[in-house]
Amino acid sequence: MTLEQAAWFKEVAARLVANVEQVLLGKPHVVQLALTTLLSEGHLLLEDFPGTGKTSLARALAQTVGGTSNRIQFTPDLLPGDVTGMSMYDQKNGVFEFHTGPVFSNVLLADEINRASPKTQSALLEVMEESRVTVDGVTHSVPDPFMVIATQNPVEQAGTYRLPEAQLDRFLLKTTLGYPDAVSTRRILEGVRVKSHQRTLEPILSVHDLRSMIETAKLVTTDSAILDYVSRLVDATRSASEVRLGSSVRGALALVRSSMTWAALQGRTYVLPDDVKALAEPVLAHRLVLDPEAEFDGVTPTSVVGRILLDVVPPHERLSV
């Protein structure tokens, strides 16, 4: 990546974040994480309370990049075909025609994903990993780029199905929105006359330009010392005494890929240890499975990752190219 490309990337990214913040007030860091996920070709998991703006985030992000968005409310009776689409018989022409499901959009909000049955949850796996679905032996590609923003309610667990580790591993990042501060809440209340779904944002760039940003982020330089640092962090999650299952190699790849995008958001052509530190918790924490005794003692994946960041020594020298 050249310095000119880095400056362009930072400037456009700042405009994208500011545009989304018109709807999602007071949450610039979460918007940056969501944009990092999109530009890293990953998927985002939000574990948060109802009414914190999850749907608004997905819709605003799609409008800002000139893309399409859909929302699925996951329920126990939801079928896989309700997610991916299904073939229906056309009596007039005497053939089966494929009717696309909600996954055929640029940004898909999977609301309360853990309320659907494991069979329906698994319907998302192929499309999240390969950006395509297969129905009746025929493969259909979803729009490019494609991003899933899935949500979970951390309070009410009755009637839910816990996401298996293999599915959690497919989310690049996991974070929370949280409630807005007092100033942001007042600004939200001042706009009470306009419902959130009635607000339309002007696109900052086209889907084609978004694809250019995705490819540009891949040009960020990652020094071998950074790769070694990520490797040591991931290895530490596997050897931690409180952890029964540590991060996979997919987690290490996710941390490197997202750190490259995060560095580009800052207008840099190379990754620093601070980029890795900034994303270690949202990238790695949800991939850890703790021992039951550790959970009983109040240990959380977030606290484990925080301790690992203190224990694993980062590269000290400034890494630049």
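Worth saying up front: this structure is predicted, and the values here are computed from it rather than measured. (Residues numbered from 1 in each chain as written. Predicted model: local features only at pLDDT ≥ 70, side-chain atom pairs only at ≥ 80, totals over all residues. Heavy atoms only, no water.)

Novice: Any details on the layout of surface pockets? Residues and values, ideally.
Specialist: Roughly 950 Å³ of internal volume is contained in the largest pocket. Residue lining of the largest pocket: 39 residues in total, with E47, R162, L168, K174 and H286 positioned closest to the centre. Elements represented by at least two residues in the lining of the largest pocket include exactly α6 (165-168), β9 (173-175), β10 (243-245), α11 (273-284), β11 (289-290), α12 (292-296) and α13 (301-311). Counting residues per element, the lining of the largest pocket draws most heavily on α6, at 3 residues. (1 Å grid on protein atoms, 1.4 Å probe; cavity = no way out; pocket = protein on both sides within 12 Å on 5 of 7 lines; lining within 4 Å. Points joined across faces, edges and corners; volume = space filled by probe spheres on them. Helix = DSSP H or I, 4+ residues; strand = E, 2+ residues; numbered from the N terminus.)

Novice: Could you give an account of the pairing of strand β5 (residues 107-111), naming the residues involved and the relevant values?
Specialist: A large share of β5 lies buried, amounting to 5 of its 5 residues. What you see with β5 is no split at all: V107, L109 and D111 on one side and L108 and A110 on the other are buried throughout. Both strand β2 (residues 69-73) and β5 contribute to a ladder of 5 bridges, which runs parallel. Along β5, the bridge assignment pairs R71 with L109. In this sheet, strand β8 (residues 147-152) lies alongside β5 in parallel orientation, the contact comprising 4 bridges. By the bridge assignment, A110 is partnered in β8 with A150. (Buried < 20%, exposed > 50% of the residue type's maximum accessible area, 1.4 Å probe, protein only. Pairing = 2+ DSSP bridges.)

Novice: Can you explain the environment of T222? Please cite residues and give values.
Specialist: Considering the arrangement of structural elements, one finds T222 in the loop between α8 (207-217) and α9 (224-239). With relative accessibility at 21%, the residue T222 sits in the partly exposed group. Residues T222 and R257 lie 35 residues apart in sequence; the distance between their C-alpha atoms is 9.5 Å. For T222, the residues in contact, after removing those within four places along its chain, are L227, V256, M260 and V271. (Contact = heavy atoms within 4.5 Å.)

Novice: How would you explain helix α3 (residues 54-64) if you had to name every residue and give the values?
Specialist: The element α3 is largely enclosed, with a buried count of 9 among its 11 residues. For α3, the full list of buried residues reads K54, S56, L57, A58, A60, L61, A62, Q63 and T64. Looking one or two places after α3, you find G66, whose phi comes out positive at around 65°.

Novice: A description of the pattern of salt bridges should follow, citing residues and the corresponding values.
Specialist: If the charged atoms of two oppositely charged side chains come close together, the side chains can form a pair. Scanning the entire structure with this criterion turns up 18 salt bridges. One salt bridge connects E41 with K218, and the closest N-O pair in it is separated by 3.2 Å. On the criterion of sequence distance, the pair formed by E41 in the loop between α2 (28-39) and β1 (44-47) and K218 in the loop between α8 and α9 is long-range, its members being 177 residues apart. Because the salt bridges share partners, they merge into one network encompassing E41, D144, R211, E215 and K218. (Salt bridge = Lys/Arg side-chain N within 4 Å of Asp/Glu carboxyl O.)

Novice: Would you mind going over unusual backbone geometry in detail, with residue names and values included?
Specialist: The linkage connecting D144 with the following residue, P145, adopts the cis geometry, with an omega of 0°. Following the sequence through the fold, P145 ends up in the loop between β7 (138-141) and β8. Non-glycine residue E41 carries a positive phi angle of around 60°. Given a relative accessible area of 38%, E41 falls into the partly exposed group. Look at S131: it is not a glycine, yet its phi comes out positive at around 60°. Along the chain, S131 turns up in the loop between α5 (118-130) and β6 (132-135).

Novice: An account of the packing of aromatic side chains is needed here, citing residue identities and associated values.
Specialist: Throughout the structure, instances matching the rule amount to 2 aromatic pairs. When the ring of W8 is compared with that of F9, the centres are 6.5 Å apart and the planes differ by 80°; the resulting orientation is edge-to-face. What makes W8 partly exposed here is its relative accessible area of 35%. Taken together, a centroid distance of 5.8 Å and an interplanar angle of 65° make the contact between F98 and F104 edge-to-face. Judged by relative accessible area, F104 falls into the buried class, the value being 17%. Across from the ring centre of Y270, 5.9 Å away, lies the NZ or CZ of R268, which sits over that ring. (Phe/Tyr/Trp six-rings, centres within 6.5 Å; stacked < 30°, edge-to-face > 60°. Lys NZ or Arg CZ within 6 Å of the ring centre and 35° of its normal.)

Purely spatial values, then, with no claim about function.
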